[in-house]
Each structure stands twice: as C-alpha cells, then as structure tokens.
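Now for the letters of each chain:
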Amino acid sequence: MDPVKSPQGSACEPPPDVDTDDCLQDYSYLYSPDILKGKVAFVTGGGSGIGFRITEILMRHGCQTVIASRNLQKLTESAKKLSAATGQRCLPLCLDVRQPQSIQSAVDEALKEFSRIDILVNNAAGNFLCPASSLSFNAYKTVIDIDTLGTFNVSKVVYDKWLRDHGGVIVNITATLSYRGHVLQVHAGTAKAAVDAMTKHLAVEWGPNRIRVNSLAPGPISGTEGYRRLGGHHAEASGFHHTIPLLRTGNKTEIAHGVLYLASPLASYVTGTTLVVDGGSWLTSPNDFHSLLDVWATDRKKDK
Ligand code: HXC
Ligand code: NAP
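The structure presented is a predicted model; accordingly, all values stated were derived computationally and were not measured. (Residues numbered from 1 in each chain as written. Chains lettered and ligands numbered in written order. Predicted model: local features only at pLDDT ≥ 70, side-chain atom pairs only at ≥ 80, totals over all residues. Heavy atoms only, no water.)

Details of the pattern of salt bridges
Between side chains of opposite charge, a pair can form when the charged atoms approach closely.
Thinking step 1. Scanning all chains against the criterion turns up 16 salt bridges.
Thinking step 2. Between D165 and R164 there is a salt bridge, with its nearest N and O atoms 4.0 Å apart.
Thinking step 3. R164 sits in the partly exposed class, given a relative accessible area of 36%.
Thinking step 4. Between R229 and E225 there is a salt bridge, with the nearest N and O atoms lying 2.9 Å from each other. (Salt bridge = Lys/Arg side-chain N within 4 Å of Asp/Glu carboxyl O. Buried < 20%, exposed > 50% of the residue type's maximum accessible area, 1.4 Å probe, protein only.)

In structure tokens:
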C-alpha cells in the first residue's frame, strides 16, 4: 500500500507530542481554552504515560486535577511539571485501586482540597504479554483486580462521595484487545471487555443522576509503557505501521483529545458508549501468535 502524503493540517495529521513523561513544549488550541474552567478531574495513573497527557490536556483547558496511583514520588514530580506548564493546581495522592480504603482516603483528601470532583478518568492498569498457558492464577487475577475491580472501586467511591448528588462524567480507558481475541492478552482483554460492559451498566443506572459514563479504547500509542510492554518496538521494526489504516501509531495527545471531548459539554448527550481511538488498527492488526510469542520469549530471557 502506498502511503498518501497528508497535506499540512489534514484531519489525519497527529498533534505534536513528546515520548517522555514531560509536558508538551507547544500546544495549539482546537477547543476553547476555557471549556473545563472551574472543573476538577481525578485521574488514576495520571503520573505517567497516557494518564499524564490526559491530565495535562484537561489542565490546559482550565481544569484542576488530582493524579492518583501507588508511587507517590513519581506522582509528586509529575504534578510539579503539570502545574508549571499549565498554571493549574495538581494534587498528587497515593492509592492502590485494589484497596477501597486507600481510595476512600484519597477521595476525601481531594474533596478537602478542591470541594468537588466533576470528572473521573479510570486510567490505571497493569499489563504484560503472556500466553494463557503460562499465565499463573495470580497473574490473571492481578490484572483483573487492577483493571476491572479497580475501575469499579474508584467509580463507586467517587459516586458515593460526590457524583451521586452533583452529577459529572466518568471516562474509562479500555482497549480493543477483546474485539478479535488478541493473542497473549487474555488477562487484559477480558479485564477491559468487562470495563466496557461496566460502562454501559453504570451509564444506565447513573444517567438519572446526571452522570455520563463512557469508555475510550486506545490503539497502539507511542511513548508509553503499554506500547513498550506489548512489543511495540519489535512490531515497528517489522513494519506493522503499514498494516494500520492510518499508517502510523497514535500519540498520547490524541488519546487526551478524545478524553477532553468525552469530558466536555460537547459530549453532553453521549453516554454508555466506547470511543475507539486507534487509527483503525484493530480492524487490520496482524494478531500474529508466532511473532508475539517470539517477543515474549526474548523478553523472558532478558528478565532471567
Ligand atoms: C507473566 C507476570 C508478569 C509477566 C507479573 N506476573 N509480571 N506473569 N508475565 N510479565 C505475575 C507475577 O508472577 C505474579 O504471579 C502476579 O503476576 C502478580 O505480580 P506482582 O509483581 O506481585 O504484582 P504487582 O506488584 O501488583 O504488579 C502488577 C503488575 C505490574 C501488573 C504485574 O506489571 C505493574 O504494576 N504494572 C503497572 C504498569 C503497567 O503494567 N503499565 C502498562 C499498562 S498498558 P505469581 O503467580 O508469581 O504470584 C495496558 C495496555 C492495554 O494496559 C492494551 C494495549 C493495546
Ligand atoms: P502506564 O504509564 O504504565 O500507566 C499505568 C498507570 O497505572 C501508572 O501510572 C501506574 O502508576 C498506575 N497503576 C498501575 N497499577 C495501579 C494500582 N494498582 N493502583 C493505582 N494505580 C496503578 O501505561 P500506559 O501505556 O500509559 O497505559 C495507560 C492506560 O491506557 C491503561 O489503562 C492502558 O490499559 C491503556 N491503554 C494503553 C495502550 C498503549 O498503547 N499504551 C493501548 C490501549 C490501552 P503507579 O505505578 O504509580 O501505580
């Protein structure tokens, strides 16, 4: 397939991004810079990768934020960078999405600081390549615990403590892995499919409380831990970009823009759905068992 050169500013051209957990050097506004003015967002896993960029883009649109995960030192460094780049407040808080007590304490702390939570982004997740036959019972359970139960735990606490009485928006970051049964991904694929189901259930139950609940499913996103762990660089070297309809990986800002849309009043009638942001990737990805088994075996040798 011959790539067609995109004209400057075409609708398929990616916005600038940086691969590290640092803020963008330049940002050109597409939406009103004030679209989230006065709002507060709680982003799990907001200290790194996709969650970091989501937090930055929300803050660039007037939002104050809480970033919450296990590693407080990393979160504190990220919060400093985010505040310096955007001029908004960012509060780093320690929690494990598997431990309801730690979530309750963090949400109490967030409400003490900001007196509201308008947007919850369930972005925290754990993943690695592993064939089902080699996955221990605990390895499978661990991913389900973080991705699926973690999403429910945080949603329930934020609902009980704020959203039920005030309304708001929940965005769950999921994946397209289950759409075609991606190889070496039974743990993450089933975990994220359950979250997409949870999105629909909660949208239906919580809609009358003026809460919108949606999923956003990214494709392969460069400059992230997920991309590195899932053999992204190996796939890149073997030319897999050419199998993606838009002929490239996505970047973190593109995912953040999807979250911005779902969290903003532009999506005021959108609930219970999954926005796939993957350049069409899941439709055409090779899903190649042997090639990914090679990546897994090589990584395993390196780890020994
Ligand atoms: C097989 C593994 C494994 C691996 C851990 N386990 N890593 N099994 N292959 N590479 C097993 C362990 O042996 C153990 O089982 C069980 O999983 C729990 O491992 P722990 O290390 O005790 O768990 P924990 O400390 O809670 O860490 C969770 C984690 C870790 C998921 C294992 O990797 C983590 O914290 N990840 C967070 C960051 C991350 O994963 N980012 C990428 C998200 S990307 P036993 O039986 O030995 O007790 C993503 C992309 C989705 O989600 C879709 C992309 C297209
Ligand atoms: P990442 O940087 O590793 O993000 C995962 C975050 O989750 C980390 O900040 C981590 O912080 C946090 N976390 C993990 N376990 C946790 C726990 N038990 N409690 C609280 N926080 C926890 O990876 P990423 O690639 O950016 O992934 C972000 C999201 O995008 C995930 O939901 C992932 O499934 C999804 N996704 C990514 C891709 C991709 O190409 N990268 C594709 C599809 C979907 P701590 O270590 O501090 O806890």
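Section: the packing of aromatic side chains
By convention here, two paired aromatic rings are described through the distance between centres and the angle between planes.
Thinking step 1. For the coordinates displayed, the defined rule picks out 3 aromatic pairs.
Thinking step 2. For the pair Y179 and W282, a centre-to-centre distance of 5.0 Å together with 90° between the ring planes defines the contact as edge-to-face. With Y179 in the loop between β5 (168-173) and α5 (186-206) and W282 in helix α9 (residues 281-284), this residue pair connects regions lying 103 residues apart in the sequence.
Thinking step 3. Overall, the relative accessible area of 28% leaves W282 in the partly exposed class. (Phe/Tyr/Trp six-rings, centres within 6.5 Å; stacked < 30°, edge-to-face > 60°. Helix = DSSP H or I, 4+ residues; strand = E, 2+ residues; numbered from the N terminus.)

Examining the packing of helix α1 (residues 49-60) against helix α2 (residues 72-86)
Thinking step 1. Relative to each other, α1 and α2 sit at 30°, their axes nearing to 10 Å. Accordingly, the angle class assigned to the pair α1 and α2 is roughly parallel. The crossing of α1 and α2 is right-handed. Every residue of α2 that contacts α1 at F52, T55, E56, M59 and R60 is listed here: S78, K81, L82, S83, A85 and T86.
Thinking step 2. A breakdown of the residues in the contact of α1 with α2 according to their chemical character gives 4 nonpolar, 4 polar and 3 charged. (Axes fitted to C-alpha atoms, helices over the stretch in contact; angles between N-to-C directions. Parallel < 35°, antiparallel > 145°, perpendicular 65-115°, else oblique. Left-handed = near helix turned anticlockwise from the far one by under 90°. Contact = heavy atoms within 4.5 Å. Nonpolar A, V, L, I, M, F, W, Y, C, P; charged D, E, K, R; others polar.)

So, the sheet that holds strand β3 (residues 90-94)
Thinking step 1. Spatially, β3-β2-β1-β4-β5-β6-β7 is the arrangement adopted by the 7 strands of the open sheet, whose pairing is parallel. Looking at strand neighbours, the two that pair on one side only are β3 and β7 (274-277), the edges of this open sheet. Shown here is a sheet whose adjacent strand axes are inclined to one another by a mean of 20°, direction ignored.
Thinking step 2. In this structure, strand β2 (residues 64-69) lies alongside β3, joined through 5 bridges in parallel fashion. The residue bridging V66 from the neighbouring strand is L91, located in β3.
Thinking step 3. Along the sheet face, helix α4 (residues 137-166) touches β1 (40-44), β4 (119-122), β5 and β6 (211-218) and points at about 175° away from the line of β4.
Thinking step 4. Here α5 sits on the sheet in contact with β5, β6 and β7, set at roughly 160° to β6. (Pairing = 2+ DSSP bridges.)

Focus on the site of ligand 1
Thinking step 1. Residues in close proximity to ligand 1 total 18 residues, the closest being R70, R98, N127, S136 and R229.
Thinking step 2. Between ligand 1 and R229, the relevant distance is 2.8 Å, taken from an oxygen atom to a side-chain nitrogen or oxygen of the residue.
Thinking step 3. Notes on ligand 1: free accessible area 1100 Å², of which the protein chains cover 60%.
Thinking step 4. Residue assignment for the shell around ligand 1 shows that the elements contributing at least two residues are α4 and α6 (225-229).
Thinking step 5. For the shell around ligand 1, the leading source of residues is α4, giving 4 residues.
Thinking step 6. Its residues assigned to classes, the shell around ligand 1 shows 8 nonpolar, 6 polar and 4 charged. (Near = heavy atom within 4 Å. Polar contact = N/O pair within 3.5 Å; in protein donor to acceptor, adjacent residues only side chain to side chain. Areas by Shrake-Rupley, 256 points an atom, 1.4 Å probe, with all protein chains shown as cover.)

Here we look at unusual backbone geometry
Among all residues save glycine, negative phi is the norm, and among peptide bonds the norm is trans.
Thinking step 1. Located in the positive-phi region is L184, a residue other than glycine, with phi close to 60°.
Thinking step 2. Residue placement: L184 occurs in the loop between β5 and α5.
Thinking step 3. Backbone geometry at L247 places phi at a positive 60°, although glycine is not the residue there.
Thinking step 4. By the secondary structure assignment, L247 is in the loop between α7 (232-237) and α8 (252-263).

Observations concerning the site of ligand 2
Thinking step 1. Around ligand 2, 27 residues are found, and the nearest of them are S48, S69, R70, N123 and T224.
Thinking step 2. Side-chain polar atom of S69 to an oxygen atom of ligand 2: 2.7 Å apart, as the coordinates give it.
Thinking step 3. Across the complex, the protein chains shield 88% of the 880 Å² of accessible surface that ligand 2 would expose by itself.
Thinking step 4. Of all elements in the fold, only α1 and α6 reach the threshold of two or more residues within the shell around ligand 2.
Thinking step 5. Among the elements that line the shell around ligand 2, the one with the most residues is α6, at 3 residues.
Thinking step 6. Here the residues of the shell around ligand 2 sort into 11 nonpolar, 10 polar and 6 charged.

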